[in-house]
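Close look at the chain arrangement
What follows is each chain in one-letter form.
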Amino acid sequence: MGSRLGLRGLALGYLTVLLVLPLGMVGYRTFEHGLDAAWNAATTADAVHAFWLTLLMVAVAVPLNTVFGVGAALLIARREFRGKAMFNALVDIPFAVSPVVVGLALILVYGQTGWFGKDLAGTGIQVIFNPLGMIIASIFISLPFVVRETVPVLREIGTEQEQAAETLGARPWQTFWRITLPAIRWGVAYGVVLTTARVLGEFGAVSVVSGKLVGKTETLPLHVQAAFEDFNLAGAYSAAFVLALMGLVAVVAMQLLKRRELA
Amino acid sequence: MLLPLAALVARGFDGGLDTFWKAVTAPDAKSALVFTIVASIIVVLVNTVFGTLVAWVLVRDEFRGKAAVNAIIDLPFALPTIVAGLTLLALYGPRGPVGIDVAYTRAAVLLALAFVTLPFVVRAVQPVLMEVDRDMEDAAASLGARSSTVFRRIVLPNLMPAILAGAGLALARCLGEFGSVVLISGNIPNKTEVSSVFISKQIEGDNLTGAAAVSVALLLLSLLMLLAVGAVQVRGARRGK
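What you see is a predicted model; the values in this text were computed from it and never measured.

1. Let's talk about the overall build of chain A
What chain A contains, in helices and strands, is 14 helices and zero strands. Order of helices (α) and strands (β) in chain A, N terminus to C terminus: α-α-α-α-α-α-α-α-α-α-α-α-α-α. When each of the 263 residues of chain A is scored for burial, the buried share is 46%. A separation of at least 24 residues holds for 77% of the contacts in chain A among residues at least 6 apart in sequence.

This is the structure:
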């Protein structure tokens, strides 16, 4: 009994020191000078712009990666084709690459001196130092989540129901909408939550690609850093608090979805 | 996705193998790489031990608030990395209330990496531990094995593939981590600067070729890690069948 309590204490102690205490501290620093001060710091023009830009990136990147993710998961779990093992491994690459490296790779392709830089400049499309590049970076970074959460669910539900639908004359689309999608929805939803959390908080890749133009390409995570480096601690903490709240919402959503999946 | 990576590799080897090697082994670049690798290994070892412990407590122990503890494990995945860095700086930095100031030291980098990679081993081990058949443990215990022996001889071998898989993912993440480290480390060259920060500085200084060379080195390391994880999983799956 003693060793069990000891283990529990050690585990909880580690979590407290590493996770709980620091988070509480950000909350404390945010509201240290009262609610009004915190509200003012969180709603400066730059912070509000950064907030909306962050949401824009989520609004574009998450749906795209959801569609791609489900499609790729179907390919991996349901089809046999040459190079499948390769494709499967490629999907995981964003997990293996440093965000900064992703940003650099995008600059080398779409930047002024990059492969397509000159051609793009001719058409007037600017990718680097522009929200477009930041969206591409976010898509790259958060690509694997939906795939990785959906593939195991697809494997687990098996193909019996799908085959039954097919023998009854359902077309592939009908089978997908009526049979497959309802069966995998919680797995997909879990992947979507992870994708959203990642896009909301993406820092490294977006930072490199954005050029950090205040009020133009500054997302909320970039705003945290900029404010901190300007010794605007109130601004940094309040923006961090907003992001932390969104992270907490994601955690709660993840827990609810896990319970659904088990039920 | 492939296109940017191809451009990266092409740029890294722009001036041939010699230039690549020079860029990677330049004093600043090399010390950042070495520090990144050493720090990553230390952190992954610590989190492997604590991650397994936390998973154990979550599966085998019962106490009030366990569901909440289980939920906060995912927090580092859900929390933006820059917030993680700021968070740690608030508590363990200059104005922190506990009187521990690790800001701008190597310990700070370890702390940040430990924070962001905490969930990997926990989440890899937890489901396996739930499935483990307890009959073997009961049998060993009834034959007089002490609980530490049961853990070492029975439980640990069952968990090993999961532990290694989680540790591999954590290591790949550590090698490339940027957001959580950038505020708290102070990015002092030859001291607290990790490779990802080094790369970002090179980009800002417009030395794209040097940045690409170090990136390629980092990329190779992480890919090796993921391949190793894949191999462990394949072996685990075969043994399961």
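Now that the structure has been shown, the text picks up again.
2. Concerning the overall build of chain B
Broken down by element type, chain B carries twelve helices and zero strands. Start at the N end of chain B and walk to the C end: the helices and strands fall as α-α-α-α-α-α-α-α-α-α-α-α. C-alpha extents for chain B along the principal axes are approximately 65 × 50 × 30 Å. Put simply, chain B has 241 residues, and 50% of those count as buried. Sequence separation of 24 or more characterises 79% of the internal contacts of chain B that already satisfy a separation of 6 or more.

3. Some remarks on the interface of chain B and chain A
Contacts between the two partners involve 56 residues from chain B, matched on the other side by 56 residues from chain A. With ten residues, the top contributor of residues to the side of chain B that touches chain A is helix α12 (residues 208-240) of chain B. A per-class count over the side of chain B that touches chain A returns 44 nonpolar, nine polar and three charged.

4. Description of the nonpolar core
Where a protein is soluble and globular, its nonpolar side chains tend to be buried together. The biggest cluster of nonpolar side chains holds 163 residues, and the ones touching the most others in it are Leu104 and Ala240 of chain A together with Leu86 and Ala112 of chain B. The greatest single-element share of this core, amounting to 15 residues, is contributed by helix α7 (residues 106-131) of chain B.

5. What to know about the environment of Gly186 of chain B
Residues and elements named next belong to chain B. By the element assignment, Gly186 lies in the loop between α10 (179-184) and α11 (195-204). Gly186 gets classed as partly exposed once you count the C-beta atoms within 10 Å, which come to 16. Here the alpha-carbon distance between Gly186 and Ala140, two residues 46 residues apart in the chain, equals 51 Å. Sequence-distant contacts of Gly186, that is, excluding residues within four places in its chain, are made with Ala103, Tyr104 and Thr192.

6. Things to note about α7 of chain B
Across its 26 residues, α7 of chain B extends 39 Å between first and last C-alpha, which sits within 8% of the 38 Å expected from 1.5 Å per residue. At Thr117 of chain B, α7 of chain B is bent by approximately 40°, the largest bend along its length, and proline Pro119 of chain B sits one to four residues beyond.

7. Side note on the confidence of the model for chain B
Per-chain confidence: chain B averages 85 in pLDDT, with 97% of residues scoring 70 or above. Interface confidence for the predicted complex, given as ipTM, is 0.84, next to a pTM of 0.87.

8. Overview of the environment of Phe120 of chain B
Residue and element names in this part refer to chain B. Mapped onto the elements, Phe120 comes out in helix α7. Measuring from C-alpha to C-alpha, the distance between Phe120 and Asp74 comes to 9.2 Å, with 46 residues separating the pair along the chain. Once you skip the residues sitting within four places of it in the chain, Phe120 turns out to touch Gly51, Gly166, Leu169, Ala170 and Arg173.

9. Describing the packing of helix α3 (residues 45-78) of chain A against helix α9 (residues 144-157) of chain A
Residue and element names in this part refer to chain A. Their axes nearest at 8 Å, the elements α3 and α9 cross at an angle of 40°. Viewed along their axes, α3 and α9 adopt a mutual orientation that is oblique. Like other packed secondary-structure pairs, α3 and α9 cross with a definite hand, here right-handed. Counting all contacts with α3, which are made through Asn65, Thr66, Gly69, Val70, Ala72, Ala73, Leu74, Ile76, Ala77 and Arg78, the residues of α9 involved are Val146, Val147, Thr150, Val151, Leu154 and Arg155. The residue inventory of the contact of α3 with α9, partitioned by class, reads ten nonpolar, four polar and two charged.

10. Topic: the environment of Val214 of chain B
Within the fold, Val214 of chain B resides in helix α12. In contact with Val214 of chain B, other than residues within four places in its own chain, are Ala23, Val24, Ala29, Leu33, Ser195, Phe198 and Ile199 of chain B.

Each value, and the rule that gives it
- Residues numbered from 1 in each chain as written.
- Chains lettered and ligands numbered in written order.
- Predicted model: local features only at pLDDT ≥ 70, side-chain atom pairs only at ≥ 80, totals over all residues.
- Helix = DSSP H or I, 4+ residues; strand = E, 2+ residues; numbered from the N terminus.
- Buried ≥ 20, exposed ≤ 12 C-beta atoms within 10 Å, placed from the backbone.
- Contact = placed C-beta atoms within 7 Å.
- Nonpolar A, V, L, I, M, F, W, Y, C, P; charged D, E, K, R; others polar.
- Core = buried A, V, L, I, M, F, W, Y, C linked by C-beta atoms within 7 Å.
- Expected span 1.5 Å × (residues − 1).
- Bend = angle between axes of the 7 residues up to and from the residue.
- pLDDT = per-residue confidence, 0-100.
- Axes fitted to C-alpha atoms, helices over the stretch in contact; angles between N-to-C directions.
- Parallel < 35°, antiparallel > 145°, perpendicular 65-115°, else oblique.
- Left-handed = near helix turned anticlockwise from the far one by under 90°.

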